[in-house]
Protein chains: 2
Amino acid sequence: MRELFRANLSRLGKDLTTIAELVHRAADDARAALETADVHRAEQVISEDARIDRLQEQLDEQAIQLLALHAPVASDLRTVVATLRMSTSLERMGDLARHIAQLTRLRYPELVIPESIRPTFHAMADATVDAAAQVVLLLETQDLGHADSLSELNETVNEHHVSVFRAIGAPSWTESAATTTDVTLASRYLERFTDHAVSVAGKMRYLVTGQMPTHQSA
Amino acid sequence: MRELFRANLSRLGKDLTTIAELVHRAADDARAALETADVHRAEQVISEDARIDRLQEQLDEQAIQLLALHAPVASDLRTVVATLRMSTSLERMGDLARHIAQLTRLRYPELVIPESIRPTFHAMADATVDAAAQVVLLLETQDLGHADSLSELNETVNEHHVSVFRAIGAPSWTESAATTTDVTLASRYLERFTDHAVSVAGKMRYLVTGQMPTHQSA
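Residues numbered from 1 in each chain as written. Chains lettered and ligands numbered in written order. Predicted model: local features only at pLDDT ≥ 70, side-chain atom pairs only at ≥ 80, totals over all residues. Heavy atoms only, no water.

- An unreviewed UniProt entry lists chain A under the name Phosphate-specific transport system accessory protein PhoU, with Micrococcus lylae given as the organism.
- Under the UniProt heading Subunit (unreviewed entry), the note attached to chain A is "Homodimer."
- Quoted verbatim from the Function (unreviewed entry) field of UniProt, the annotation for chain A is "Plays a role in the regulation of phosphate uptake." (UniProt positions renumbered as here; feature names shortened; annotations may be inferred.)

### Describing the interface of chain B and chain A
Now for step 1: Across the boundary between the two partners, chain B contributes 36 residues, which contact 36 residues of chain A.
Now for step 2: Taking both partners together, chain B and chain A bury about 3000 Å²; carbon and sulfur atoms supply 60% of that area.
Now for step 3: The tally of links from chain B across to chain A stands at four salt bridges.
Now for step 4: A salt bridge links B:Arg78 to A:Glu61; the shortest N-O distance between them is 2.8 Å.
Now for step 5: Counting across the chain B and chain A interface gives six residue pairs in polar contact (both at pLDDT 80 or more).
Now for step 6: Put simply, the parts of the chain that give the side of chain B that touches chain A at least two residues each are helix H2 (39-70), helix H3 (74-107), helix H5 (145-169) and helix H6 (177-209) of chain B. (Contact = heavy atoms within 4.5 Å. Buried area = accessible area lost by both parts, 1.4 Å probe. Salt bridge = Lys/Arg side-chain N within 4 Å of Asp/Glu carboxyl O. Polar contact = N/O pair within 3.5 Å; in protein donor to acceptor, adjacent residues only side chain to side chain. Helix = DSSP H or I, 4+ residues; strand = E, 2+ residues; numbered from the N terminus.)

### Some words on unusual backbone geometry
All names here are of chain A.
Now for step 1: A cis geometry characterises the amide bond from Tyr 108 onward to Pro 109, with omega recorded as 5 degrees.
Now for step 2: Notably, Ala 37 is not glycine yet its phi reads approximately 50 degrees, a positive angle.
Now for step 3: Along the chain, the position of Ala 37 falls in the loop between helix H1 (2-36) and helix H2 (39-70).
Now for step 4: Accessibility expressed as a relative area gives 12% for Ala 37, which makes it buried. (Buried < 20%, exposed > 50% of the residue type's maximum accessible area, 1.4 Å probe, protein only.)

Below, the structure written as structure tokens:
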């Protein structure tokens, strides 16, 4: 029974990593679609998100079955509960990649992001894709160095997010209101994306160290 | 042991309702602060959100203890897992009320929402406060009529959300870029608020009927 539990728990961890890999690919494709107004790639992100949702539902069902069958306690129980939480964050990250892709599709064949602010968005999108990659590595290795990297990437994204709002508020900003709205939303989506990545890192940190992340640090 | 489990599960449900009541008050105060540029009330929402966060952490800890102690199965297990999920949604609703309050504080003594679009925001904010009230009633009574009301309120909010973007895109929109950003974010926060309320309703519907909500309907 113990061995079966270990096998089921290990499968749960692998399935969580698979979802994280799909989220990473979604982030990468959403970034590429945004930067090149590639509507086909945007469509792909949108349709792939349904797959992430389905996998998350299946994983949650597995986790509940595992609780019912094995009634784990202590750290095993916390691992299962943390997995449920991490899958929720990953699912939201998939949604946010989809939102970026939907903006791209909405404005096609125009680019969503106006030229003046493209370097900022390029850096911000880079950091979010990197964050998604770090989540995969963190889940695979449980090496908290990746959690530290995620905190740094989150700070980078937050700084860019603030600088987007600063650019919008500057007298030199002459874009249309619709563009301003798009830029605001895109920046918010990217900022939330890394927030969720940091939330996954907080759960993993807790599993590895036993230290509960506070709402401030998570 | 069975009686103790029932008592603990009932306490968990009551604590979840308490959080929902705080979220309802936060939504109500955030709406009032937004509409009257009441910075004190905004500050109150912001500081009260820390309390919601703390209560949610405590409730999650209780839920984990309950799983460890009683190892519930079948519908009891699903109730505990659904409670964990609903508490996450409520915590996010509290965050979104705080975000509205933060916008209010940022622009004080100015009003965040320009006059032309105030009726739309008034109706939208009304619907979100109503949604928060429906969540409380749903948790208290498990009457799925409240879940139906939540679906309707969510549709109302979504329609207003779309009409905000339509207003921003219209030639008659002459607001500054900073105001456009504020309006975009405020509308997004309210839209997400009711999304989370509908997500709580989906979990409750599942507990009562055994029907899993899909990502589309939840």
